[in-house]
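Examination of the molecular architecture
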Amino acid sequence: MTLSPAPRRNGLNPLIHEASRLLIVSVLAECETADFNFLLGTTGLTRGNLSAHMARLVSAGYVCESKTFLDRKPHTEYRLSPAGRKAFNQYLKSWRRLTGKSS
Amino acid sequence: MAPNTQDATERAPTRGEALEARTAGRKAEHLADAADGIVLLSVMGYLAAVFLLIGALVDASAWYYMPAKIVGLLGMMLVFGVVRDEARRKRARLGLPDVRPKEPPTFPVRMYGYALLYLGPLALLAALDVGNWELRIKVPVGVLGLAALARGAWYRRWEDIAAGAAIAALVTLALLLAPGLAFTLLFGCACVPAALAGLVKHARWRRWVRAVQTETAGSAAGEAPQP
């Protein structure tokens, strides 16, 4: 299945302007790093859904993924990249402009 | 195994979902702070124990008084490293969530920040030529408490507000009612409210992890085939 983003409208980044990804990026923006289980718990998404959206964000370069082994158990951590943080801030600015909110 | 993308449909967020995302971000920020609660509890508990013991058992004129304090402070970094790494390892081993807070970046940086906050008022008092060593040493501890209070108010965390207020009140009371109180005893007592704040944060983190586990177990039981 190919996920084709909608064209950029009103300055809203189509990669972030999606219900689940907005939730994920909002959570990551408030942390230094978060692992897969933390994102599962805070977003309430299913494993498959979260995994697919993370793959999308990682391939866009908005999120850095690091896979390590802790006590021989795989551990996947995510961090919002500088590009991702910049895009999210830009998205928030556009959103505020559209909704007419100053805060 | 390929990820299940069946439900990963593209959909623009509604206004309600945007607000929900904002709430989730705030919750994540609070949880990231709570995840470090065990580290704060351990480090502050350790400092309280070390300084209260030195204050109670070691004579201030003894030659090993200062070395004991320095070794106590250096041991703090060891406690910090061991507790943090062990907490992360345990979470990974048990498949529990793990997160690192965004700001301040790391615990040592936070500690250096507090050290600068301590040295600032100390330098100011020295510049003002305040000769009273009692004030020079103890007032900066009260300033640290006020800084913790302000930080708690900024992030809306009642445990930090309470700990900061308790430290500031403790220093004020010590200066007013017990002017001769040894610095090590005061510092040890001041670490106790901070350790309690760490305990509250850790309890919050544990409660959230348990809620997530219960929710996961519940949904897994709901998906299980009926006999």
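Refer to the structure presented above.
Structural notes, computed from the coordinates. (Residues numbered from 1 in each chain as written. Chains lettered and ligands numbered in written order. Predicted model: local features only at pLDDT ≥ 70, side-chain atom pairs only at ≥ 80, totals over all residues. Heavy atoms only, no water.)

Let us look at the pattern of salt bridges. All names here are of chain B. Applying the stated rule across the entire model yields 13 salt bridges over all chains. Here aspartate 85 and arginine 84 are joined by a salt bridge, their closest N and O atoms 3.6 Å apart. Look at aspartate 85 and you get partly exposed, because its relative accessible area is 35%. Close ionic contact of glutamate 159 with arginine 204 constitutes a salt bridge, the shortest N to O distance being 2.9 Å. Taken together, the residues glutamate 159 in helix α6 (residues 158-177) and arginine 204 in helix α7 (residues 183-223) connect sequence positions 45 residues apart. (Salt bridge = Lys/Arg side-chain N within 4 Å of Asp/Glu carboxyl O. Buried < 20%, exposed > 50% of the residue type's maximum accessible area, 1.4 Å probe, protein only. Helix = DSSP H or I, 4+ residues; strand = E, 2+ residues; numbered from the N terminus.)

Taking strand neighbours across the sheet as the criterion, the 4 strands line up as β2(A)-β3(A)-β1(A)-β1(B) in an open arrangement whose pairing is antiparallel. Each having just a single partner strand, β2 (63-70) of chain A together with β1 (99-101) of chain B make up the two edges of the open sheet. Pairs of neighbouring strands in the sheet enclose a mean axial angle of 20 degrees, with direction left out of account. Relative to strand β3 (residues 73-80) of chain A, β2(A) runs antiparallel, the two being bridged by 8 bridges. (Pairing = 2+ DSSP bridges. Axes fitted to C-alpha atoms, helices over the stretch in contact; angles between N-to-C directions.)

Listed as interface residues are 38 residues of chain A and, on the opposing side, 36 residues of chain B. Together, the buried faces of chain A and chain B total about 3,300 Å²; carbon and sulfur atoms form 60% of this surface. If you look at where chain A meets chain B, you find 5 residue pairs in polar contact (both at pLDDT 80 or more). Only α1 (19-29), β1 (31-35), α2 (36-43), α3 (47-59), β3 and α4 (82-99) of chain A provide two or more residues apiece to the side of chain A that touches chain B. For the side of chain A that touches chain B, the leading source of residues is α1(A), giving 7 residues. Bridging between β1(A) and β1(B) involves 3 bridges; their strand directions are antiparallel. (Contact = heavy atoms within 4.5 Å. Buried area = accessible area lost by both parts, 1.4 Å probe. Polar contact = N/O pair within 3.5 Å; in protein donor to acceptor, adjacent residues only side chain to side chain.)

None of the figures reported here should be taken as evidence of function without further support.
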